[in-house]
Structure formats: C-alpha cells, structure tokens
Amino acid sequence: MNKYSKAKIKSNVSLKEDIYLITLETSSTQQAKPGQFYILRPDVRLDPFLGRPLSVFEREDNVLKFLYRIKGKGTKLLSNLNEGDLIQITGPLGKGYPLPKDEFIVIAGGIGLASVYYLIKSFPKKAHLFYGVRNKEELLFYDLLKEFSKELCVATECGSLGYQGVVTEVFSQKGLQLNLPIYACGPMIMIKEIGRIIEGKEIPCYVAVEERMACGVGACLGCVIPTNQGFKRVCTEGPVFDIKELIL
Amino acid sequence: MNKYSKAKIKSNVSLKEDIYLITLETSSTQQAKPGQFYILRPDVRLDPFLGRPLSVFEREDNVLKFLYRIKGKGTKLLSNLNEGDLIQITGPLGKGYPLPKDEFIVIAGGIGLASVYYLIKSFPKKAHLFYGVRNKEELLFYDLLKEFSKELCVATECGSLGYQGVVTEVFSQKGLQLNLPIYACGPMIMIKEIGRIIEGKEIPCYVAVEERMACGVGACLGCVIPTNQGFKRVCTEGPVFDIKELIL
Amino acid sequence: MKPNLKVKIRDLEFKNPVITASGTFGYGLEYSQFVDLNRLGGIVVKGLSLYPKEGNPPPRIYETPCGMINSIGLQNIGYEVFIKEKLPVLKKFDTNVIVNFFGENLSEYIEIALKLDSTDGIHALEMNVSCPNKNSEWRQMGIDPKLLAQAVKEVRKRISKPLIIKLSPQVTDISLMAKICEEEGADAVSLINTIPAMVIDIKTRRSLIGTLTGGLSGPAIRPVALRAVWEVAKAVNIPVIGMGGITSAEDALQFIIAGATLVAVGTANFINPITTIEVIEGIEKFLVEETIEDIKELIGKLNE
Amino acid sequence: MKPNLKVKIRDLEFKNPVITASGTFGYGLEYSQFVDLNRLGGIVVKGLSLYPKEGNPPPRIYETPCGMINSIGLQNIGYEVFIKEKLPVLKKFDTNVIVNFFGENLSEYIEIALKLDSTDGIHALEMNVSCPNKNSEWRQMGIDPKLLAQAVKEVRKRISKPLIIKLSPQVTDISLMAKICEEEGADAVSLINTIPAMVIDIKTRRSLIGTLTGGLSGPAIRPVALRAVWEVAKAVNIPVIGMGGITSAEDALQFIIAGATLVAVGTANFINPITTIEVIEGIEKFLVEETIEDIKELIGKLNE
Ligand SMILES: Cc1cc2nc3c(=O)[nH]c(=O)nc-3n(C[C@H](O)[C@H](O)[C@H](O)COP(=O)(O)OP(=O)(O)OC[C@H]3O[C@@H](n4cnc5c(N)ncnc54)[C@H](O)[C@@H]3O)c2cc1C
Ligand SMILES: Cc1cc2nc3c(=O)[nH]c(=O)nc-3n(C[C@H](O)[C@H](O)[C@H](O)COP(=O)(O)OP(=O)(O)OC[C@H]3O[C@@H](n4cnc5c(N)ncnc54)[C@H](O)[C@@H]3O)c2cc1C
Ligand SMILES: Cc1cc2nc3c(=O)[nH]c(=O)nc-3n(C[C@H](O)[C@H](O)[C@H](O)COP(=O)(O)O)c2cc1C
Ligand SMILES: Cc1cc2nc3c(=O)[nH]c(=O)nc-3n(C[C@H](O)[C@H](O)[C@H](O)COP(=O)(O)O)c2cc1C
Ligand code: FES
Ligand code: FES
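Each chain carries its own residue numbering, running from 1 in the written order of its sequence. Each chain gets a letter, beginning with A, and each ligand a number, beginning with 1, in the order they are written. Only residues with pLDDT of at least 70 get local features here, since the model is predicted, and only at 80 or more are side-chain atom pairs given and counted; chain-wide, interface and lining totals rely on the full set of residues. Neither water nor hydrogens contribute to the side-chain values; these are computed over all heavy atoms in the structure.

*Asks:* Teacher, can you tell me more about the sheet that holds strand E6 (residues 63–69) of chain B here?
*Replies:* The strands making up a sheet associate through backbone hydrogen bonding, with each pair oriented either parallel or antiparallel. Residues and elements named next belong to chain B. If you trace the seven strands from one edge of the open sheet to the other, you get E4-E3-E7-E1-E2-E6-E5, paired in antiparallel fashion. On the outer flanks of this sheet lie strand E4 (52–55) and strand E5 (58–60), each paired with one strand and no other. With direction set aside, neighbouring strand axes in the sheet form an average angle of 35°. Pairing between two strands is assigned when DSSP locates at least 2 bridges connecting them. Strands are runs of DSSP state E lasting at least two residues, helices are runs of H or I lasting at least four, and both sets are numbered from the N terminus onward. Bridge count for E5 against E6 is three bridges, and the pairing is antiparallel. Looking at E6, one finds that Arg-59 is bridged to Leu-64. Sheet strands touched by helix H2 (residues 113–122): E4, E5 and E6. Its angle to E5, the strand with the most contacts, is close to 45°. With axes taken as lines fitted to C-alpha atoms, and helix axes fitted only over the stretch in contact, angles between N-to-C directions fall between 0 and 180 degrees. Contact between two residues is taken to exist if any of their heavy atoms lie within 4.5 Å; hydrogens are not considered.

Structure representation (structure tokens):
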C-alpha cells in the first residue's frame, strides 16, 4: 500500500527554457510501466489545490524521474522546488502502453516525449522514433534517443534540424510502410492527424491522451473522454487508448 | 507610495529552536519607528490567505529585520523561506511607541522582545530593561541588550539565569520606584499584571498588543480591541496603547 | 485509554464516525489500493440510479482556489451492474455500505429505494435530493420544502433500512429542510452537497465546465458547510452527517463539535487518498489527549 | 489603441469598471497611501448608518482556506462624522463616491437614503439589504422577496441618485431577487455579499468569531459569486456589479464576461493593497491584446 508516499527531490533542473527534469528518491517499491503516470503535489498548502499528473519518464531502483513543461501555476510551482524538498506522489496510475513484442514505431510530439521515452528505453533498438519539435532548441535527449532507438527521425517545424515540417508528414513518408504497431503521444492535433493517416489500415496504434484529473484512480469520473464505447476514464481505462476507440 | 513592495531575503535563520530572525533587503525608502509593524506574505499562493504582522526588529539603510516565533502555519512557512526568495511586505504600519525623552523602563516578555528591541537600540543606554523568559535557552541577544540598555534585569521562570520568577515581580521590586515611563510588550497575562502593579500611579505606560489582522491599515475594522473609549483598531490606533485606555 | 468511537444512526452502528462522501470515493474499491476499507466507519458509494447513466459532457472538473468544481452529472453504472460487480466485493469488508441514490422522478426514486432496501449487504440508503431531470417537477425537490416533504414521506413509508437525506446548501434556511426530513421520518440528514458555481476561460470566453455550471466542493466551502451543520444540528434530533471540505482530523472535529454525529470525507480523498485514515487516527488521538472517553461526549458540545 | 473602459449606471459614468467592495476599503482614504484613488472607477465606502455603530465584539475575523470570515457588525462612524470628516477629503479625488448604507428598520433606511441623496459629492447609493437589527421584521429583507420589494420601492421613490441594491447570496434563486429590484426601480444590483460561515477552535470548543458565525469572502467564494452574477445578468437589464474573491484582472474579466458591467475588489485589498490598480491595468492590457476597443463589447459575452 505504498502507492501514496512522500518522495525526496534529488534534483530538479531546467533542460531547456521551460522544460524540466525532476528526479525523485522514493522508498516506494511500486514499479512502473511505460505510459503510466503519477500525481504530484508539492506540499500541504491547498493552493493550487489538485495534484498534477505526470508520465513516468524513468523508473529504476529507488529513482523516479519526470520530464515536464511549465504550463501554468502547478508546473511553475513544481519547477521552484529544490533538492531535498519532499513531494507527495501517488502512483503509478493508469494502464500504460501494451508492451511491444518486437519492433515498433513511436511518434512523439514536443513534451509528449515524456510519455514514450521510458518505452523506448525499455526496448532498446526496437523503436523507430519519429520525434517532432518546433525547433532545434526544443529537441531533448538526442544522444540517448539515438542510442536507444533503432532509427531516429527528427522533424522541426522550422527546419532547423532534420526534416522540415510536422512529424506526421515524415511518419507518413517514412514510417507508415513499415507496418509496425504505433505508439504515440503529443498534442491533440498530432493524434488526430495520425488517426487520419492510418484510417482504414490494420496497424495497431496506441496513443496517450490527457484530460484534467482530480482523483487519478477512477473514482471521481472527472477525466472522461468520449469513445465509441461511451465515456471512458483517462486515468484508469487510459491514459493509453487504442486510437480506433477514440472519437477524434 | 512604496509602502507595499517585494523584498529580497538576505537571511532567515533560527536563533533558538522555534525563534527566527529574518533579514530583508528592501528598495523601499520608508523608514520605520520602534513599535511599528509590517505585514508579510511569503508568495502569491492563497493558502495561507492573509499576511502575518511582525514588529520591526531593526531598520537601517536598505535592511529590515524581523524576529519571530513559529506559532502556526504562517510563521512555519515563513521559516522555510530561503536566501534570495522574494517576500511581499506592507508597511511600516501602526503608530509605534511615543519616543522617550530620557531614561525609560522596558518590560519584555518572551518574543515580545521583537517589538521593543528597536526602541532600546534607538536610545542607547537609556533603557532599564526587564526581560523575562521561561529559561536561559530562550534568552536572546544578551550581549547586545547589555550594550544598548542602561540596565538589564533578566528573569527566568525556572531560575536558570538572573532572577527566578516572572518578569513583573522583578520589575515591581526593582523598577517601579524608578518612576520612569514604561514600555512593555509580552503576553496578555504580563500586560495585565503590569496594569495591576501601576494601578493608581501616575507613571505613563505604553504597551504593544496583538490582535488578528486582515488589512493592517484601518479599513476592515477586524482588529479592534475594547478600550475605555470604545473599540479601537490595533493596526492604526495601536499597536501601542496607553495601558490606562485598555480594558484588561 | 482507548476512546469509544462508535456512533449510531437508528439501530445501525458505525465503528467510528468517519465515512466517505458520495461521488468522491467511487464504489469504495478504487481506494482499496491505499486504504484498508475495514477501518472506515462506512463507505457511501457514488450516486446510483435504476439504469446506468452516461453523465455530463466533459470537461467535468476544474480547480478553483482551495476547491474544485465538478459536473459529473451523476454518471453511474446503474443498479444491476452495481449489485453484480461491486456489491459482492464490498460485502467482504467489515464496514457499513451506504448507497447514495437518485431517480429521474419520484417513482424512480421509490423504485430504486425499494430494490436497495431488499438487497443484502447494503446497510443504509442516502437519498440525494438533487434530481437531475430538467423536465421533471422533482427537479426542485432539494429546494422546495413541499416537494421534499412528499418525497421523503413516500420513500420512507416503503423502506425499512435507515434512510439518510442528503441536503442541498442552495436554500435560505437549511435547518427548515432538515426539520422536514425529520418530521417525515428520515433517520439522518447529511450535508452539505456542493454549491452551484462557475469558472470561465477568459480567452475562449467559455465556461471551463461542459454544462456551464457545476458544484463547488473542497476546503473553500468548509466554513459554509460547518455553519450549515451547526444550524441543522440545533434544529433536529436525528443524527447529522457533516461534510464539506474536511481534510484533517481537526476539520472533522469542528463538525463534530458543531453537532455532526458522523463526518464524511469528500474531495480531500483526491488530494490525499489516505485522508480517511488520517482523520480516524487524528480523532482518536485528540480524544486521548483531551481525555474524552466517548466521542458522543463531544458531539454538539460547542461553547456558545 | 487605447480601449474605452468607460461604463455607466444610468447617467453616472465610471472611468473604468473597477470599484471597491464596501467594508474592504474603509472610507477610501486608508488606501490612498498605496493607490492613486483618482484612477479608480469608484469607491464604495464602508456601510453607513444614521448614527455611529459600535459593531460586534471581537474576535471579528478569521482566516479560512483561500478566504476569511468576518463579523464586523457594520461598525461605522455614522452619517454626521462621515459628512464632516471623510467626504470633504474624498471629494478632492476624481472618482465616483458610492455610499453603502443600511438602517435598523425601513424608516431608518429611508432616512439615511434621503440624507445621502441630498448630499453633494456622493454619486450613488448602495443599499445593503442586510439589516442588522435582530428584532426588526426587516431583518429578513435580504432573503424575503416581499420585504425586499417593499424596501426598494420605498427608498427608490424618495431618492433621485442612482440606487444600487447589494444582494445576499443566501437565497435559492438570486436572479429572482435581482428582478424584484429591477422592477421596483433599482438602477443596478451588486453581488455577492458574504456567505454565512463558521470556524471552530477545537481546543476551546468555541467559535473563533465573537458572534459565532460570520460572512465568508475571498477567492474561496469566487466560483459561487461568478455563477450568481451570470444568473442575475441573464435575468435583468440593469447593470450588475460583480464581486466575490476578485484578486486579479483575470478574475475580474470572468465576471465581466459573465455579465457584470462593473466589478468590485473586496477582500483582495487586504492581501495586496494595490489590487485595484493591477486589475484596471490588467483589464486594459487584455483588451489591447484581444483588440477589443470597448469594454462594453465584452460584457456578458460568454459563449454558451
Ligand atoms: C496522464 C497524464 C500524463 C501527463 N504527463 C505529462 C508529462 O509527463 N509532462 C508534462 O509536461 N505534462 C504532462 N501532462 C500534462 C500536465 O499534467 C499538465 O500540463 C499540468 O497538469 C498543467 O498544470 P499547471 O498547473 O501547470 O497548469 P494549469 O494552470 O492548471 O493549466 C494550464 C493548462 O493545462 C491544462 N491542464 C491543467 N491540469 C491538467 C491536467 N490535470 N491534465 C491535463 N491538462 C491539464 C489546463 O486546462 C490549461 O490549459 C500529463 C497529463 C496527463 C493527464
Ligand atoms: C502588530 C503585531 C506585531 C507582531 N509582532 C510579532 C513579532 O515581531 N514577532 C512574532 O513572533 N510575532 C509577532 N506578532 C504575532 C504574529 O503576528 C503571530 O504569531 C502570527 O500571525 C501567527 O501566525 P501563524 O500563521 O504562525 O499562526 P496561526 O496558525 O494563524 O495561529 C496560531 C495562533 O496565533 C494567533 N494569531 C494568528 N494570526 C494572528 C495575528 N495576525 N495577530 C495575532 N495573533 C495571531 C492565532 O489566533 C492562533 O492562536 C505580532 C502581531 C501583531 C498583531
Ligand atoms: C466529483 C464529485 C462527485 C460527487 N458526486 C455525488 C453524488 O453522486 N451524490 C451526492 O449526493 N453527492 C455527490 N457529491 C457531493 C459530495 O458527496 C459532497 O457532498 C461535497 O463534495 C462536499 O464535500 P467535500 O467538500 O468534502 O467534497 C460529489 C462531489 C464531487 C466532488
Ligand atoms: C471585512 C469586511 C467588511 C464588509 N463590510 C461590508 C459592509 O459594510 N457592507 C456591505 O454591503 N458589504 C460588506 N462586506 C462585503 C463585501 O463588500 C463583499 O460583498 C464581499 O466581501 C465579497 O467580495 P470579496 O470576496 O471580494 O471580499 C464586507 C466584507 C468584508 C470582508
Ligand atoms: S481523475 Fe478521477 S476518475 Fe479519472
Ligand atoms: S487589520 Fe483591518 S482595521 Fe486593523
């Protein structure tokens, strides 16, 4: 029952501008699967009120890492925490990605990398990674990704590195014909485009989606999204869904 | 109009257990009189909600100091702030002590020292200080107080230093007959006892009192105490009152 | 000293006064990964209706200062699925199971109440007077004294299990509503439900809640809930279940001192899933420190 | 582009829609050490009565999650002292002075309203319908539609300055109360006043407020206030003054989009004395960013 605990911050550093990597030391023995998430709350103060969900970026021994972008006050506050501070964590939560049996395709858009990095690392040299960012400056972990993935295709909107254009273009040119299962995380517009590209095809495609959350454990019914089987809870039926289920 | 500003924390250290001294660097040009106070708010988060009033402990050039005891969550939070953090300060507020013309008596009980220290220091070698603490460990700034006051009488409840007993006993034995104006700050029980001791006597006696505050500027009428002229606002008519006015 | 924490609603005993607030603890089982459910005084499950209900379109929740707004729209799995899938598991725990229920109109209220009354393993019924059907006259039941009286009477006379009425705070005089419930035979009242509220995204100029407005809960409303509980407890002789923003034993004790026989932990479960246990332990500790042998000595003991 | 921030209540123009909430800004002058009062749309002073009023016994305030409870008891210096000592100073500022007033019964309401109406330098009257006299039938004025109608009518027909009615949130349907005010000739309604609330010290088992209960204000109640303003703005055609927990321009803009013509900053003044100015500047900045030339284009423009 140590899915709820206090963890100590080992480091919390800005990688690029508003993107941070936080490393926690946890006594929890809970292991985590790629695609699962935790809910983090900085302290006992009640403003901001709810915890914030973040995907497991890495989980090893007693170390737990999250990669996050500052979006609003919750993540801003998180970025101000220092080494040694304690933070409340609840997790791992959610279903995570169905584990790939062999090679697979990953499509990551921007901070969506946070959700798929652990998957890529857990299956070295199996992932064909299509990674889209706005510009070179936003690109993260280039060397590590190169090392862990079988193939790395970077797309930048401005063309400052790799392919110029959005990542889904590159994927449809170079990834689609591989006919491998797809794992994707990124902005909704990217997910929609993937849905369009693989429409009618038989390729399995798993996407991680986001919704505002309160409980994170399926109790409040606050995080539902419409699917072709009615509303489903992102926190428990997801956050990873078969793209065919989603009403995009 | 710089009575409201953000100040930078230069240091924030525990002197004894739950007693802290916080030193701020302020760009505000507002000078402060002994007995005046500021309202401090650690950051923009809304819990805790109201700022906390603290007496000016020292004010010099661009440096402002407060001495405080951890009582509840507001002061606890304050004690967790670090060097370099910014803090919102409003002040100086309140009327402060009427300035003594010559020698005077100070009676300080425990953390009440925070309110009178600046007075003692501002009039070196003029104060006959009666300073009561529970035990030796609680005694603060012994050397400095010795230096700035004309006479220093310490009373500890357990007798671990100076006189054994409460400070008002020592005062009535050794201070009363000096017939000097009295300045006092400490727990209500001490104030009441002083009131009893000087009852019917012609000695002026100024005491600093506390009440929960919201605005600090006389607008909300939240901090009133009963006086023989009706309710008065601690934040504006006080926090220093002529003891004869108070209904103890 | 081991203080006595037991309290009762009519003949139903609770091992301690701490239960969960409907809709914030799912069907109980969602929290068994954090909390030993056997330790709870009781579990109040998500509002149940005869048939499954889809609930409202997302977005359904939004954070507000020290609280949140929700508009779940009473989504639930319906009576049948509850009985088949949830209740058998819940029965294994040594705690009271209270089913919060509602209908689209009075006859549905009665129908599900009858079913729940005859179902083994359900210890009490909590009637949510917020009828979600916009076209039903019963829509006003929570705020109209006459409709409330009739609804409580009709349900009461047909069921034998303890009946709790869950009151809305959206009235001028909540103690009047509680008195009506008492007169019509309710065994307890629980309060407060959420307060109608709204939050707007100034960029899109849209409500951040799909249904425009939702219900405010959490510590923000605690002072309002506490005042309501105090008013109601003075007005009625049946037990009061107090809730609204309880996050700690200290909060819970405020409600007990104001007159609550039981307290429910709601939104706080979301920000700390073991709140219920912390509240139980904290209450016990407080009683020991204050050398109060029985929690009943504290109920309603506000020094006025 | 310099957007137009001007708004009106009847024929009274406000240079911008930001005013202060009664009781949170004293007589205005308390805040002149922080704020250039000339920049404000208007100043609403502390509730005034014919004669000075001592107010309630302390403790009068307590902090709550994201808010506070107060029970000042309408302490004020009374009409005469206000006219002699405060108004002459207030007159020197280029802003609208609105006097919030109340009486112990209807005839006192009328009497002070008449005096204020004939006093130079007062631009509008805000009638607080919370009558503090426990023995007067008018005690219920804020929650009883009939009494409200009569009170508004009696005051309205005697005064010529713009009349604003300050509504209590302690009703089931606040838009009904607003409609009554409109029908009886009020020029605007302002809302919400504080919500009855309580907080208890569990050690002493006493209320932390001298009068047991008080009124909750601050960001905690903002979502409730916003919902109320939205409901009222849809129901009436007179301007609505929105308030309740506004701390920033973003908060204020939510009220404007919900339908408020003006917004009042209340409790936020206590935690940041320059809130009013930040709100004015923030609104102007938002209008520029969104290329909205006139604030009136935003009022009530919620996309439903
Ligand atoms: C399962 C899951 C995994 C996630 N993993 C990551 C991750 O690994 N790295 C990362 O940077 N971000 C991740 N997110 C998104 C992250 O939770 C939000 O960016 C964060 O909660 C925003 O909080 P805030 O206080 O900074 O922003 P706020 O000020 O609360 O809001 C800023 C914006 O973020 C949106 N938002 C707020 N709360 C949530 C929420 N709970 N879920 C989704 N959107 C929200 C708001 O609607 C608003 O548009 C994940 C979200 C989910 C649901
Ligand atoms: C004019 C003035 C000057 C002060 N100067 C000092 C000083 O120099 N050093 C110092 O250590 N303390 C000083 N205090 C007291 C200090 O303000 C309180 O200890 C502090 O506000 C407690 O906040 P908290 O959040 O830690 O405690 P809380 O958790 O809020 O409460 C703990 C206890 O403190 C009391 N309290 C809370 N807020 C206030 C308040 N605003 N005023 C008085 N009592 C309160 C509560 O009733 C409660 O009993 C002063 C108070 C006033 C009014
Ligand atoms: C997400 C959510 C769902 C709720 N669902 C129900 C419900 O189905 N039936 C009900 O009677 N109350 C429901 N409530 C109200 C709570 O039971 C409780 O009365 C209210 O939230 C106040 O308590 P709190 O502040 O501790 O949460 C719900 C509250 C929340 C936050
Ligand atoms: C300390 C205090 C005193 C108040 N006094 C009055 C008053 O005299 N007359 C009145 O109509 N409202 C009074 N109010 C209510 C406010 O004007 C306002 O309606 C309420 O506080 C909600 O706004 P806020 O949350 O921004 O403070 C008072 C509020 C506070 C906090
Ligand atoms: S966050 Fe509560 S059900 Fe998903
Ligand atoms: S704190 Fe507001 S009047 Fe003193």
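We are not done yet, so read on.
*Asks:* How should I be thinking about the domain arrangement of chain A in this particular structure?
*Replies:* The extent of an interface is frequently quoted as the accessible surface area lost upon association of the parts. Residues and elements named next belong to chain A. Domain extents, as shown, originate in an automatic or database domain assignment. Domain boundaries in chain A define domain 1 (4–93) and domain 2 (104–208). Taking only C-alpha atoms, the centre of domain 1 and the centre of domain 2 are 24 Å apart. Two parts lose some accessible area (1.4 Å probe) when they are put together, and adding that loss for both gives the buried area. It is Pro-34, Phe-57 and Arg-69 that lose the most area in domain 1 upon contact with domain 2, and together they represent 38% of the buried surface on that side. Across the pair Glu-138 and Arg-69 runs a salt bridge whose closest N-O atoms are separated by 3.1 Å. Each polar contact in these results corresponds to two N or O atoms within 3.5 Å; when the atoms are within protein, one needs to be able to donate a hydrogen and the other to accept it, and residues that are neighboring in sequence are counted only if both atoms are side-chain atoms. Our count for the domain 1 to domain 2 interface comes out at six residue pairs in polar contact (both at pLDDT 80 or more). Each reported salt bridge corresponds to a side-chain nitrogen of Lys or Arg within 4 Å of a carboxyl oxygen of Asp or Glu.

*Asks:* Just checking my understanding: could you explain the site of ligand 3 for this structure?
*Replies:* Proximity criterion: a residue is near a molecule or strand once any of its heavy atoms comes within 4 Å of it. The immediate surroundings of ligand 3 are formed by 23 residues, with Ser-22, Lys-166, Gly-218, Gly-245 and Thr-267 of chain C found nearest. More than one chain reaches ligand 3: the nearby residues come from chains A and C. Here Ile-192 of chain C contributes a backbone N or O atom positioned 2.9 Å from an oxygen atom of ligand 3. Where accessible areas are quoted, they stem from the Shrake-Rupley method and a 1.4 Å probe; at the residue level, only the protein chains shown are allowed to cover. In isolation ligand 3 offers 600 Å² of accessible surface; the protein chains occlude 98% of this area. Three residue categories are used. Nonpolar comprises Ala, Val, Leu, Ile, Met, Phe, Trp, Tyr, Cys and Pro, charged comprises Asp, Glu, Lys and Arg, and polar comprises the others, including Gly. The residue makeup of the shell around ligand 3, split by class, is six nonpolar, 15 polar and two charged.

*Asks:* What exactly am I supposed to notice about the pairing of E6 of chain B here?
*Replies:* On a regular strand, one side chain projects to one face of the sheet and the next to the other, so that they alternate. When a residue's accessible area, from a 1.4 Å probe over protein chains only, is under 20% of the maximum for its type it is buried; when over 50% it is exposed; and in between it is partly exposed. By the criterion of burial, E6 of chain B is predominantly enclosed, with six of the seven residues buried. If you look at the hairpin formed by E5 of chain B and E6 of chain B, you'll find two residues sitting between the two strands, and Asp-61 of chain B has a positive phi there, around 45°.

*Asks:* Explain the interface of chain C and chain D to me, please; I cannot follow it from the model alone.
*Replies:* Taken together, the contact between chain C and chain D spans 46 residues of the former and 45 residues of the latter. Carbon and sulfur atoms make up 65% of the area that chain C and chain D hide from each other, which totals about 4100 Å². When residues of chain C are sorted by the area they lose upon contact with chain D, Met-198, Ile-202 and Arg-205 of chain C head the list and together hold 19% of the total. Across the salt bridge formed by Lys-203 of chain C and Glu-290 of chain D, the nearest N and O atoms sit 3.5 Å from each other. On the surface where chain C and chain D come into contact, there are 13 residue pairs in polar contact (both at pLDDT 80 or more).

*Asks:* So what exactly am I meant to see when it comes to the site of ligand 1 here?
*Replies:* All names here are of chain A. In the neighbourhood of ligand 1, 20 residues make up the surrounding shell, with Arg-52, Pro-53, Gly-72, Gly-74 and Thr-75 lying closest. A distance of 2.9 Å separates an oxygen atom of ligand 1 from a polar atom in the backbone of Arg-69. Here an oxygen atom of ligand 1 and a backbone polar atom of Gly-74 are 2.6 Å apart. Take the shell around ligand 1: its biggest share by element is four residues, from strand E4 (residues 52–55). Counted by class, the shell around ligand 1 contains nine nonpolar, four polar and seven charged residues.

*Asks:* Explain the state of the cysteines to me, please; I cannot follow it from the model alone.
*Replies:* As used here, a disulfide is simply a covalent bond connecting the sulfur atoms of two cysteines. When two cysteine sulfur atoms are found within 2.5 Å, that pair is recorded as a disulfide. Going through the model one piece at a time under the given rule, you end up with one disulfide over all chains. Between the sulfur atoms of Cys-66 of chain C and its disulfide partner Cys-66 of chain D the distance amounts to 2.4 Å. Across the disulfide from Cys-66 of chain C to Cys-66 of chain D, rotation about the S-S bond amounts to roughly 60°, and the bridge is consequently right-handed. Pair noted here: Cys-66 of chain C is in the loop between strand E5 (61–64) and strand E6 (67–70) and Cys-66 of chain D is in the loop between strand E5 (61–64) and strand E6 (67–70), and the two residues belong to different chains. When sorted by exposure, Cys-66 of chain C lands in the same class as Cys-66 of chain D, which is buried. We note that Cys-158 of chain A lacks a disulfide partner, and the nearest cysteine sulfur, in Cys-153 of chain A, lies 16 Å from it.

*Asks:* In this structure, what is going on with the packing of helix H6 (residues 249–258) of chain D against helix H8 (residues 275–289) of chain D? I would like to understand it.
*Replies:* Any two packed helices are characterised by the angle at which their axes cross and by the distance between the axes. Residues and elements named next belong to chain D. Here H6 crosses H8 at 65°, and the two axes come no closer than 8 Å. Our classification of the angle between H6 and H8 gives roughly perpendicular. Of the two possible hands of crossing, H6 and H8 adopt the one that is right-handed. Contacts between H6 and H8 involve Ala-249, Ala-252, Leu-253 and Ile-256 from the first element and Glu-278, Val-279, Gly-282, Ile-283 and Phe-286 from the second. Each residue belonging to the contact of H6 with H8 can be placed in one class, and the counts come to seven nonpolar, one polar and one charged. Under this scheme an angle from 65 to 115 degrees is roughly perpendicular, one under 35 degrees roughly parallel, and one over 145 degrees roughly antiparallel; angles in between are oblique. What makes a crossing left-handed is the near helix being turned counterclockwise from the far one by less than a right angle; a clockwise turn instead makes it right-handed.

*Asks:* Sorry, what's going on with the relation of the copies chain C and chain D here?
*Replies:* There are two copies of the chain, and a rotation about an axis plus a shift along that axis relates them. The copies were overlaid with a least-squares fit restricted to C-alpha atoms from residues scoring a pLDDT of at least 70 in each copy. Rotating chain C by 180° and moving it 0.0 Å along the rotation axis overlays it on chain D with an RMSD of 0.0 Å. On the angle and the small slide along the axis, the relation comes out as a two-fold axis. The position closest to the rotation axis in chain C is occupied by the C-alpha of Ala-220 of chain C, lying 2.3 Å away.

*Asks:* Teacher, can you tell me more about the sheet that holds strand E11 (residues 163–164) of chain B here?
*Replies:* All names here are of chain B. Reading across from one edge, E11-E10-E9-E8-E12-E13-E16 is the order of the seven strands in this open sheet, with mixed pairing throughout. Because the sheet does not close on itself, it has two edges, and the strands there are E11 and strand E16 (240–242). Sheet topology places strand E13 (residues 205–208) next to E16; three bridges connect them, and they run antiparallel. Within E16, the position partnered with Tyr-206 by the bridge is Asp-242.

*Asks:* Explain the pattern of salt bridges to me, please; I cannot follow it from the model alone.
*Replies:* Side chains that differ in charge, positive against negative, can pair when their charged atoms come close. Enumeration according to the criterion identifies 61 salt bridges over all chains in this entry. Across the pair Glu-237 of chain B and Arg-233 of chain B runs a salt bridge whose closest N-O atoms are separated by 2.8 Å. Using a relative accessible area of 26% as the deciding quantity, one classes Glu-237 of chain B as partly exposed. Put simply, Glu-154 of chain D and Lys-157 of chain D hold a salt bridge, and the shortest N to O gap is 3.4 Å. Judged by relative accessible area, which is 16%, Glu-154 of chain D ranks as buried.

*Asks:* Help me understand the interface of chain C and chain A in this model?
*Replies:* Contacts between chain C and chain A engage 37 residues on the former and 28 residues on the latter. Both faces combined, the contact of chain C with chain A buries some 2700 Å², and carbon together with sulfur accounts for 66% of it. Taking the shortest distance from any N to any O, the salt bridge between Arg-52 of chain A and Glu-63 of chain C comes out at 2.7 Å. When contributions to the side of chain C that touches chain A are tallied by element, the ones reaching two or more residues are E5, E6 and helix H7 (268–271) of chain C. A per-element tally of the side of chain C that touches chain A places E5 of chain C first, with four residues. Looking at the side of chain C that touches chain A residue by residue, the classes come out as 18 nonpolar, 13 polar and six charged.

*Asks:* Would you mind going over empty space enclosed by the protein with me for this structure?
*Replies:* Where empty space is left becomes clear once a probe the size of a water molecule has been rolled over the atoms. Here a cavity means grid points, on a 1 Å grid over the protein atoms only, where a 1.4 Å probe fits yet cannot get out; a pocket means an open set of points with protein on both sides within 12 Å along at least five of seven lines; lining residues are those with an atom within 4 Å of a point. Grid points are joined across faces, edges and corners, and a volume is the space filled by probe spheres set on the points. If you walk through the whole model with that rule in mind, you get six cavities of 30 Å³ or more. Taken as a whole, the largest cavity spans an internal volume of roughly 210 Å³. Lining the largest cavity are 17 residues, and of these Pro-169, Gln-170 and Ile-195 of chain C together with Pro-169 and Gln-170 of chain D lie nearest its centre. If you list the elements that add at least two residues to the lining of the largest cavity, you get helix H5 (222–235) of chain C together with helix H5 (222–235) of chain D. Grouping the amino acids of the lining of the largest cavity by side-chain chemistry returns 13 nonpolar, two polar and two charged.

*Asks:* How should I be thinking about unusual backbone geometry in this particular structure?
*Replies:* With the exception of glycine, most residues fall at negative phi, and the peptide bonds are largely trans. Of note, the bond from Asp-47 of chain A into Pro-48 of chain A is cis; its omega dihedral lies within 30 degrees of zero at -5°. Within the secondary structure, Pro-48 of chain A sits in the loop between strand E3 (37–41) and E4. Following Pro-58 of chain C, the chain continues to Pro-59 of chain C via a peptide bond in cis, the omega torsion being -5°. You can see Pro-59 of chain C is positioned in the loop between strand E4 (42–48) and E5. The residue Cys-66 of chain D is not glycine, and still its phi comes out positive at about 55°.

*Asks:* Can you help me understand the nonpolar core in this one?
*Replies:* Inside soluble globular proteins, nonpolar side chains tend to come together where they are buried. Counting residues in hydrophobic clusters, the biggest one holds 330 residues, and the most contacted among them are Ile-165 and Ile-283 of chain C together with Ile-165 and Ile-283 of chain D. With residues up to four places along the chain from it excluded, the contact list for Ile-283 of chain C reads Leu-5, Val-18, Ala-249, Ala-252, Leu-253, Ile-256 and Ile-295 of chain C. Residues belong to one nonpolar core when they are buried, are Ala, Val, Leu, Ile, Met, Phe, Trp, Tyr or Cys, and are joined through side-chain atoms within 4.5 Å.

*Asks:* What is the right way to read the side chain of Ser-175 of chain C from this model?
*Replies:* Relative to the helices and strands, Ser-175 of chain C is located in helix H4 (residues 174–183). Residue contacts for Ser-175 of chain C: discarding those within four places in its chain leaves Glu-231, Val-232 and Ala-235 of chain C.

*Asks:* Help me understand the environment of Gly-185 of chain C in this model?
*Replies:* Along the polypeptide, Gly-185 of chain C turns up in the loop between H4 and strand E10 (188–191). Taking the C-alpha atoms as reference points, Gly-185 of chain C and Ile-238 of chain C, separated by 53 residues in sequence, lie 9.6 Å from one another.

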